[in-house]
Amino acid sequence: MDLRRIDIHDDAVMRDLHRVVDAARHVDRPDAPRVTCEEYVAAVRAPDSGERAEYVAAYDGDTMVGAAIGFLFLLDNTDKAWLNVCVDPPHRGHGVGTALLGRITDVALADGRTELLADAKIPLDRLDDHPYRTFAEHRGYTQSNIEVVRHLDLPVDQERLAQCSALERESADGYRIETFVGPFPDEYAESLCVLLGQLAVDAPTGDVDFEEEVMTPERLTERYEMVTAMGRELYESVALTSDGVVAAQSTLVAPVEGSRYAYQWGTFVHREHRGHRLGLAVKTANLRAVQERHPHLERVTTQNAETNAHMIWINELLGFRPVEASMEFVRRV
């Protein structure tokens, strides 16, 4: 077995990387959304001034049999690295994952990282004994958090959306709900960045503490450019105060054509504006907008910490159903 750094600008290598990652991510997960090679390559090659990604591949002769990816935060949380290991299913059980994890760990430690983070999608009835958990624990990792992955079938019934809108109108007076598709207006960008930065601190993260993320208008632009390069549209629904401050936000990404699956990213309410059902308001607005614009879509995927009672209430109200767990791990060096 040969371990090599990956050149993400080599098209043939990227096709191999997508093949390995796609196969590994869909073992025993027939309902997991799929990402095309074009979408995956666009995401990998998209710049992000807030993090650096390192890629290592394992080869058996000329065949790529596994890959490891390390995400190193550059502007905040610089003691942490998020590591991901994928092994082509026919080559599992031969030490490929162990070798890859060792190599990407060396990369992270050489960069001064002392908290190594990882996650794995696990069936809800296998949380205690799944092989992914065993693999992590045998290599010094402990469970730090559990998020529940949920699916929502589209279109959402209009009566259900109307009921949610009626609920949020009872307590959201004084805020204006707006939905923007594509690049976010410059006049609101600074306050949106402040809000997005707080998410890492306030969202439940179990045994790992994060400092506030440095989100800048430049990074916001990079996010929209990445989504566009992937052939998707980004929906940002926000609650605005009377003086134009973003008090709550919800981000949803939908394919322009081809795929039938959309992705719910973050939904967050500013600390000073909670208690007005703004989370429900912006999430409902996003769903209404995306299914009106893309009636072919069949599903939205989201995930939240199992302890995030308020967001779970919103998800269940909208009709999201739990399908699997995203188990998070940490190793402190």
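The following refers to the structure shown. Just so it is clear, the structure is predicted and the values come from calculations on it, not from any experiment.

Regarding the nonpolar core
(1) Moving on: Grouped together as the largest cluster of nonpolar side chains are 26 residues, with contacts concentrated most on Leu83, Leu100, Ile104 and Tyr141.
(2) Moving on: Broken down by secondary-structure element, the contributors of at least two residues to this core are β2 (51-60), β3 (63-73), β4 (80-87), α3 (96-110), β5 (115-122) and β12 (321-332).
(3) Moving on: Looking at this core, the element that brings in the most residues is α3, giving six residues.
(4) Moving on: When residues no more than four places from it in sequence are discounted, the contact partners of tyrosine 141 are Leu83, Leu101, Thr105, Leu116, Ala118, Ala136, Phe329, Val330 and Arg331.

Quick notes on the packing of aromatic side chains
(1) Moving on: One pass over the structure, following the stated rule, counts three aromatic pairs.
(2) Moving on: Grouped by ring-pair contacts, the aromatic residues Phe180, Phe184 and Tyr188 constitute a single cluster.
(3) Moving on: If you follow arginine 4 out to its NZ or CZ, it ends over the ring of tyrosine 59, 3.8 Å from the centre.

Thoughts on the sheet that holds β3
(1) Moving on: Spatially, 12 strands are ordered β1-β2-β3-β4-β5-β12-β6-β11-β10-β9-β8-β7 in an open sheet, and the strand pairing comes out mixed. Looking at strand neighbours, the two that pair on one side only are β1 (2-5) and β7 (176-181), the edges of this open sheet. Adjacent strand axes in the sheet meet at a mean angle of 25 degrees when their direction is disregarded.
(2) Moving on: For strand β9 (residues 246-255) and strand β10 (residues 261-269), the ladder comprises five bridges, and the chain directions are antiparallel.

Definitions and cut-offs
Residues numbered from 1 in each chain as written. Predicted model: local features only at pLDDT ≥ 70, side-chain atom pairs only at ≥ 80, totals over all residues. Heavy atoms only, no water. Core = buried A, V, L, I, M, F, W, Y, C linked by side-chain atoms within 4.5 Å. Buried < 20%, exposed > 50% of the residue type's maximum accessible area, 1.4 Å probe, protein only. Helix = DSSP H or I, 4+ residues; strand = E, 2+ residues; numbered from the N terminus. Contact = heavy atoms within 4.5 Å. Phe/Tyr/Trp six-rings, centres within 6.5 Å; stacked < 30°, edge-to-face > 60°. Lys NZ or Arg CZ within 6 Å of the ring centre and 35° of its normal. Pairing = 2+ DSSP bridges. Axes fitted to C-alpha atoms, helices over the stretch in contact; angles between N-to-C directions.

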